[in-house]
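Residue strings, one per chain:
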Amino acid sequence: MLAKSSNVYLQFERGLVSELKNVEKENVKSGDENLALEGFLSNPYFDLSIKRDRMFREVNNIHIKCPSILYEFQVDKYSYSLPLDLGLTWKFPVVWTCRQQAPLHASRFLMGSGNESAIAISLKSTESITSSLDANGLDGKLQVDIFQVVPWYIKVYYHTLGVFVDGQPHAVRDIVEKIRVSPSKDKESPGVMEMVLKLPCGVKSAALTLEFDKGFLHIDEYPPDANQGFDIPSAVISFPNFHTNLLFLGDSSLNKSPMISMFQKNSPVLSYTEVLLVPLTTPDFSMPYNVITITCTVFALYFGSLLNVLRRRVGEEERFLKSKAAKKTGPVSQLLSKISAKLRRKQCEPPSSTEASASASASSFTNSKLLIKVILVAAIAVYWQNYSG
């Protein structure tokens, strides 16, 4: 949601303007330096979904051959019926590279395998540092500030810090001017490391290494895609001796915009490393499902057998009560029952003593089986409570 008094800016950085200028030169075979700006005025390279309100050009200097271009879109001209729907469509494919403003290109990667791992921060020169240092009036030392945050489950051993300059190991005290370390606390706060490096003039490459161990998380703390790995935020590399800003030509209203003021502010050059993907030890997430399945199976067998035994006992008791009732009745009732049994083509035989003894023995056997099953389930429950937690 944008306020009515706000503005939307679209910036075309210097590398893109330079590439479009080269394309224009190839098409018209002309060396006019204002072709890029005129091209942006007539939009021969792309189509905008809405018309811009104003265009600003960066103030040119001796270090900038192709200044960046800034488009301004005023939000107060649009409404609910006419929304601000900004879109850009290229008329032909354009490939360009962003101009590297930092004197050193920073990258970060992992070293080693398994539990013997290390974080490495690599710095490689992108241009002649000597001329840049002379232009900034420095004493031949390049200051580099490093700020890195690691999660608590990455146990960094800060005493294993190693420094390499141009492939050769150096003592930490010779390169690291200041260092501040805040160790991590389990499940409370991440680890923080800040360093100030003083690299020699004309350095081609530098590297820092830190060994670490991987911690263990509770099963509830793992994200859904735990097997993919865990992200470590980017490290911030700043160069206090190098500054950057964008100065645009325009009227006095241009200075009232907070966004333009931030562009024109003289700020140190910042560089960000890649996000590290660290694989941690992950449990078998199917084990809870397996445990639940086995437990439900055991309980189903137990309760099924129990209900089956109880049901059989009820049937035997009913047959036993019927036999006792048949013995207590007189000869007339027995005669009637025999006649009815013959009509149904069944024989009505009173249970003998052997059958009664067999039923009693079967009942005692089922009672012993039931007792054994109860003891077995109790033993499984005790083992689960004491050893599976």
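*Asks:* So what's going on with a nonpolar patch on the surface? Which residues, and what values?
*Replies:* A cluster of nonpolar residues, Leu 88, Trp 90 and Trp 96, forms a patch on the protein surface that exposes about 250 Å² of accessible area. Its location among the elements puts Leu 88 in strand S5 (residues 88-90). Take Leu 88: its relative accessible area is 30%, and that puts it in the partly exposed class.

*Asks:* Account for the pattern of salt bridges, with residues named and values stated.
*Replies:* Counted according to the given criterion, the structure contains six salt bridges. Residue Arg 54 pairs with Glu 72 through a salt bridge whose shortest N-O separation is 2.8 Å. With Arg 54 in strand S3 (residues 54-57) and Glu 72 in strand S4 (residues 69-74), this residue pair connects regions lying 18 residues apart in the sequence. Arg 54 sits in the partly exposed class, given a relative accessible area of 23%. With a shortest N-O distance of 2.3 Å, Arg 180 and Glu 194 are connected by a salt bridge.

*Asks:* Residue-level account of the confidence of the model for the protein, with values.
*Replies:* Reading predicted coordinates in detail is not appropriate for stretches of low pLDDT. The pLDDT averaged across the protein works out to 77; a share of 73% of its residues lies at or above 70. Within the protein, helix H2 (residues 35-42) has the poorest average pLDDT of any element, 51, and strand S11 (residues 176-182) the best, 93. Segment residues 346-352 is flagged for pLDDT under 50; beyond a separation of four residues in sequence, or across chains, it makes five contacts in the model.

*Asks:* Describe the side chain of Glu 72, naming the residues involved and giving the relevant values.
*Replies:* Accessibility expressed as a relative area gives 1% for Glu 72, which makes it buried. In terms of polar contacts, Glu 72 uses its side chain to reach the side chain of Tyr 9, at 3.0 Å. A polar atom in the side chain of Glu 72 sits 2.8 Å from the side chain of Arg 54. Each residue touching Glu 72, except ones within four places of it in the same chain, is listed here: Asn 7, Val 8, Tyr 9, Arg 52, Asp 53, Arg 54 and Phe 56.

*Asks:* Describe empty space enclosed by the protein, listing the residues and the values that go with them.
*Replies:* Within the structure shown, the criterion is met by four cavities of 30 Å³ or more. Estimates place the volume of the second largest cavity at around 40 Å³. Every residue along the wall of the second largest cavity is listed here: Ile 119, Ile 121, Gln 148, Leu 161, Met 193, Met 195, Leu 208, Thr 209 and Leu 210. Those elements that place two or more of their residues in the lining of the second largest cavity are strand S7 (116-125), strand S12 (191-200) and strand S13 (205-214). In terms of residues, the lining of the second largest cavity owes the most to one element, S13, which gives three residues. Among the residues making up the lining of the second largest cavity, the classes are represented as seven nonpolar, two polar and no charged.

*Asks:* Give a description of unusual backbone geometry that names residues and reports values.
*Replies:* The phi angle at Asp 166 is positive, at roughly 55°, despite the residue not being glycine. Here Asp 166 is to be found in the loop between strand S9 (154-165) and strand S10 (168-170). Asp 166 sits in the partly exposed class, given a relative accessible area of 39%.

Quick notes on the rules
- Residues numbered from 1 in each chain as written.
- Predicted model: local features only at pLDDT ≥ 70, side-chain atom pairs only at ≥ 80, totals over all residues.
- Heavy atoms only, no water.
- Patch = residues over 30% accessible without salt bridge, like charges linked within 9 Å, V, L, I, M, F, W, Y side chains within 5 Å.
- Areas by Shrake-Rupley, 256 points an atom, 1.4 Å probe, with all protein chains shown as cover.
- Salt bridge = Lys/Arg side-chain N within 4 Å of Asp/Glu carboxyl O.
- Helix = DSSP H or I, 4+ residues; strand = E, 2+ residues; numbered from the N terminus.
- Buried < 20%, exposed > 50% of the residue type's maximum accessible area, 1.4 Å probe, protein only.
- pLDDT = per-residue confidence, 0-100.
- Contact = heavy atoms within 4.5 Å.
- Polar contact = N/O pair within 3.5 Å; in protein donor to acceptor, adjacent residues only side chain to side chain.
- 1 Å grid on protein atoms, 1.4 Å probe; cavity = no way out; pocket = protein on both sides within 12 Å on 5 of 7 lines; lining within 4 Å.
- Points joined across faces, edges and corners; volume = space filled by probe spheres on them.
- Nonpolar A, V, L, I, M, F, W, Y, C, P; charged D, E, K, R; others polar.

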